[in-house]
Amino acid sequence: MLVATLLLGAVFLAFANGANDNFKGVATLYGSNAASYNSALAIATAATMAGSVTSVFLAEELIKAFSGKGLVPAAVAASQSFLLSVAFGAAFTVMLATRLGFPISTTHALTGALVGSGFIAAGDTLNLVQLGTVFFLPLLVSPALAVVVTMPFYALASRGVEFLRIERESCVCIGPRQFVPTSAVPISGCCDAPAIASAGIEISSGNRSKCVTKYRGHVLGITAQGLVDSLHYGSAAAVSFARGLNDTPKIAGLLLMVQALDIKLSMIALAAAMALGGLVAARRVAETMSKKISTMNDGQALSANLVTAALVIGASRYGLPVSTTHVSVGAISGAGIVNGTLQGSVLASILLSWVLTLPLAAVAAGLLMWFQNQIV
């Protein structure tokens, strides 16, 4: 019964992870209007699934790190009640944040749940040194590193654009002043203009979804905009792949000590639950990540994606439990600093949700662990 409940808890956590995290890899596609919500979500789902399946073979260090081994005594780490508390405590925290539209880190929630449950189960034998070096340090450093890397990377990419003589272009609409009746119909492919006009002249930049910075020119015989679009889509898929590669083994680590479960088959089940969570419940976090942190054109979005993918894939290779959320938000913020559109109040609320994630998960998991101790 406990084994089945633990598997259910891990699947629930994977579902919550998908709901909160799946869209983050393609947030720049949706935010820069390069893709619709549904198209971006389809890319995220397919690439995340691919990363999750690949993690079965490449991410052994992360599986071990999030099994609790080394953080608490081996007897506690092997306890199904301990792992059960971690799974449901982290899942509760992630689902609450998803419901409120905050993009938090499942890695952070898992870390908090490990601490809370470990404190109740192991007391002063909790390994605080490993907690700081293996868990906290990568979580703190990764978003700052993403900001620091994205800013010069985009500046360098902009110089490359100038060197290749690629021009940036947008659109301006000049015409009769318009008023908007209920049955108005757009008459322009660039700016949305109703069919009925009143006296006067007006100049506008058009509807933002249609009037955005594009690139004109050719690189090796390929149109500049086509090349940027291809790289943007490819980098978004790479970020989603990296997220599946990095997050799936963290959740699977909860099942490592349960010998009755095949870890590889369990990871496939977790991958499916993660994909379903993203398909069903990603909309609120998607709006925050894509539209509210900063405004991006295609080039800035591409730069943020490339930095995120490189950092997360590199961290996965070396078993560092960084958060795709932290890295992605950091990279998008870096792009926002460069173009002057970073929304400080939105970023502040996200940072506050990050600060609250760990104690909330710790309390939830600790209470579950305490309750199980009382009924045993």
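Nothing here was measured: the structure is a model prediction, and the numbers come from that model. (Residues numbered from 1 in each chain as written. Predicted model: local features only at pLDDT ≥ 70, side-chain atom pairs only at ≥ 80, totals over all residues. Heavy atoms only, no water.)

1. Some points on the side chain of serine 52
Counted only if it meets this: Numbering of helices and strands runs from the N terminus, with a helix taken as a DSSP run of H or I at least four residues long and a strand as a DSSP run of E at least two residues long. In protein, a polar contact requires one atom able to donate a hydrogen and another able to accept it; more generally it is a pair of N or O atoms within 3.5 Å, and residues adjacent in sequence count only if both atoms are side-chain atoms. We call two residues in contact when some of their heavy atoms are within 4.5 Å.
Mapping serine 52 onto the fold places it in helix H3 (residues 37-58). Among the polar contacts listed, one links the side chain of serine 52 to the side chain of threonine 248, at a separation of 2.7 Å. If we ignore the near neighbours within four places in the chain, the residues touching serine 52 are Gly244, Leu245, Thr248, Ala271 and Met274.

2. Comments concerning the environment of alanine 275
Quick reminder of the rule: Residue exposure (1.4 Å probe, protein chains only): buried if accessible area is under 20% of the type maximum, exposed if over 50%, otherwise partly exposed.
Looking at the secondary structure, you find alanine 275 in helix H10 (residues 263-281). Taking relative accessible area as the criterion, alanine 275 reaches 10% and is therefore assigned buried. Put simply, alanine 275 and alanine 44 are 231 residues apart on the chain and 8.7 Å apart in space, counted from C-alpha to C-alpha. Every residue in contact with alanine 275, bar those within four places of it in the chain, is listed here: Asn22, Thr45 and Met49.

3. Examining the packing of aromatic side chains
The test is simple: A pair of aromatic rings is counted whenever rings of Phe, Tyr or Trp (Trp by its six-membered ring) have centres within 6.5 Å, and the orientation is called stacked for planes under 30 degrees apart, edge-to-face for over 60 and tilted otherwise. By the criterion adopted, a ring carries a charge over it if an Arg CZ or a Lys NZ lies within 6 Å of its centre and within 35 degrees of its normal.
Under the defined criterion, the tally for this structure stands at 4 aromatic pairs. Seen in terms of ring centroids, phenylalanine 12 and phenylalanine 88 are 6.2 Å apart; in terms of plane orientation they differ by 45°. Their pairing is tilted. Of this pair, phenylalanine 12 sits in helix H1 (residues 2-21) while phenylalanine 88 sits in helix H6 (residues 80-100), placing them 76 residues apart in sequence. Overall, the relative accessible area of 31% leaves phenylalanine 12 in the partly exposed class. Residue phenylalanine 88 is classed as partly exposed on the basis of its relative accessible area, which comes to 24%. On the basis of an interplanar angle of 70° and a centroid distance of 5.8 Å, the ring pair of tyrosine 30 and tyrosine 37 is categorised as edge-to-face. Taken individually, tyrosine 30 and tyrosine 37 each receive the classification buried, so the pair is uniform in this respect. Taken together, the ring pairs in this structure connect Phe23, Tyr30 and Tyr37 into an aromatic cluster. Across from the ring centre of tyrosine 37, 3.6 Å away, lies the NZ or CZ of arginine 283, which sits over that ring. The ring centre of tyrosine 30 lies 4.4 Å from the NZ or CZ of lysine 291, which sits over that ring.

Treat this as a map of the structure, not an account of what it does.
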